[in-house]
Amino acid sequence: MSEPGGLEAPQYPRPPKRWALITAALGAGVGSGLLGTSLHSHAWYVGTGPTVFPYGAALALLLLVAVALYVGLWSENAWVSVLCGAGAYITAGALSLQLGSVGIITGNVQGSVWIYGIAIMTPVAAWLAWAVLRSQRK
């Protein structure tokens, strides 16, 4: 159907189904959890003292926020960002289990920043998604 002036009206795709949103959010969260866990242990040690700057954990958290924000904006629902963060937290929690000699996330500064940072940055990503979506609706 043409509009006046011969221009076509834009055809928007149908919104994804709820199961697709949940699957995408959890999959993105698991992927972020795996990539973030492989990245979190990188650190700069300052001087000879115990001062450490966990830049790997900071970059892993930045990755998580970017992915959660993307998923939230893609789905046009800020709660999907929370599902993404939950997937990352469950993945990191499973990888931190000390089963025998296996435990990828150990009790050091980098591991603490990564594990607790997920719980802090997930609501931040959801809030950012909500704020952007709210501004687009006005």
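Before reading further, recall that the structure is shown in the block above.
Residues numbered from 1 in each chain as written. Predicted model: local features only at pLDDT ≥ 70, side-chain atom pairs only at ≥ 80, totals over all residues. Heavy atoms only, no water.

Participant: An account of the overall build of the protein is needed here, citing residue identities and associated values.
Facilitator: Broken down by element type, the protein carries four helices and two strands. From first element to last, N terminus to C terminus, the protein shows the α and β order α-β-β-α-α-α. Across the 138 residues in the protein, those meeting the buried criterion constitute 32%. In the protein, the proportion of contacts linking residues at least 24 apart, taken out of those at least 6 apart, comes to 68%. Approximately 9,000 Å² of the protein is accessible, and the part contributed by carbon and sulfur atoms is 69%. (Helix = DSSP H or I, 4+ residues; strand = E, 2+ residues; numbered from the N terminus. Buried < 20%, exposed > 50% of the residue type's maximum accessible area, 1.4 Å probe, protein only. Contact = heavy atoms within 4.5 Å. Areas by Shrake-Rupley, 256 points an atom, 1.4 Å probe, with all protein chains shown as cover.)

Participant: I'd like to hear about unusual backbone geometry, residue by residue, with values.
Facilitator: Not every positive phi belongs to a glycine, and E76 is a case in point at roughly 60 degrees. Among the secondary structure elements, E76 is positioned in the loop between α2 (55-75) and α3 (79-95). Residue classification places E76 among the exposed positions, given a relative accessible area of 56%.

Participant: Describe the packing of aromatic side chains, listing the residues and the values that go with them.
Facilitator: Taken as a whole and judged by the stated rule, the model has two aromatic pairs. A centroid spacing of 5.7 Å and a plane angle of 15 degrees characterise the contact between W44 and F53, whose relative ring orientation is stacked. Classification of F53 by relative accessible area gives partly exposed; the value is 43%. One aromatic cluster in this structure is built from W44, F53 and Y55. (Phe/Tyr/Trp six-rings, centres within 6.5 Å; stacked < 30°, edge-to-face > 60°.)

Participant: If you had to explain the nonpolar core to someone new, which residues and values would you point to?
Facilitator: A57, A60, L61, L64, A88, A92, I105, W114, I115 and I118 together form the largest nonpolar core, which totals ten residues. Contact partners of I105, with chain neighbours within four places excluded, come to T37, H40, A92, L95, S96, Q98, G111, W114 and I115. The next biggest cluster of nonpolar side chains, apart from the first, holds eight residues, and it includes A25, A28, V65 and A125. (Core = buried A, V, L, I, M, F, W, Y, C linked by side-chain atoms within 4.5 Å.)

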